[in-house]
Amino acid sequence: MGWDRNPRSILEEIYEDDFGGAFRDISLQGLRGVVLKTPVDTGRARGAWLVSIGETSAASVARADKTGQATITAGGATISGAELGDVIVLENNVDYAVLLEQGPLKFGSFKSGAQAPARMVDRTLQELAANFA
């Protein structure tokens, strides 16, 4: 009596279904976390989050997204195509993104501390670690 399918391919399919789905879910939670924690004035920083698979992107986004929903939807579409073992890259290309991450700041009429606490990446990573530890 022979196998209809190779047992290894069955295990790989189960592994991908179980762990691949969890990998994509956690990645989407991370995206949501950083997007929704990004301080909002015009929505430019929130809309500039990019998701790519495997390496950083040379693309830039000029999307103002005060709610973050368009950014999450666009990034979620990329994440849905990721496979277990892929590296999902999340980046923000606005010139002041690092300043937003580093802490409350003030320039012009924009005050990050007044609108949302900074450290959106750091806080999201801490939440993910606490939820999945």
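Definitions and limits used
Residues numbered from 1 in each chain as written. Predicted model: local features only at pLDDT ≥ 70, side-chain atom pairs only at ≥ 80, totals over all residues. Heavy atoms only, no water. Helix = DSSP H or I, 4+ residues; strand = E, 2+ residues; numbered from the N terminus. Buried < 20%, exposed > 50% of the residue type's maximum accessible area, 1.4 Å probe, protein only. Contact = heavy atoms within 4.5 Å. Areas by Shrake-Rupley, 256 points an atom, 1.4 Å probe, with all protein chains shown as cover. Salt bridge = Lys/Arg side-chain N within 4 Å of Asp/Glu carboxyl O. Expected span 1.5 Å × (residues − 1). Arc of directions from axis to C-beta.

A. Spotlight on the overall build of the protein chain. Looking only at helices and strands, the protein chain features 6 helices and 4 strands. Each helix (α) and strand (β) of the protein chain, taken in turn from the N terminus, gives the series α-α-β-α-β-α-β-β-α-α. Looking at the protein chain as a whole, 35% of its 133 residues qualify as buried. Contacts spanning at least 24 positions in sequence make up 65% of the contacts within the protein chain whose residues lie at least 6 apart. Accessible surface, the protein chain as shown: approximately 8,100 Å² in total, 55% of it carbon and sulfur.

B. Broad picture of the environment of E101. Inspection of the secondary structure assignment puts E101 in helix α4 (residues 97-102). Here E101 falls in the buried class, since its relative accessible area comes to 17%. Apart from residues lying up to four places away in sequence, E101 is in contact with A118, R119, M120, V121 and D122.

C. Summary view of the pattern of salt bridges. Scanning the entire structure with this criterion turns up 2 salt bridges. For K37, the salt bridge is made with E127, and the minimal N-O distance between the two is 2.9 Å. Within this pair, whereas K37 is found in helix α1 (residues 7-37), its partner E127 is found in helix α6 (residues 120-132), the two being separated by 90 residues in sequence. Its relative accessible area of 13% is what places K37 among the buried residues.

D. Looking closely at helix α3 (residues 69-80). Look at α3: 16 Å from first C-alpha to last across 12 residues, which is about the 16 Å you get at 1.5 Å a residue. Of the residues making up α3, those classed as buried are T71, I72, G75, G76 and I79. Relative to the axis of α3, the buried residues are bounded by an arc of 125° and lie together on one face. Turned more than 90 degrees away from the buried face of α3 sit T73, A77 and S80, all of them exposed.

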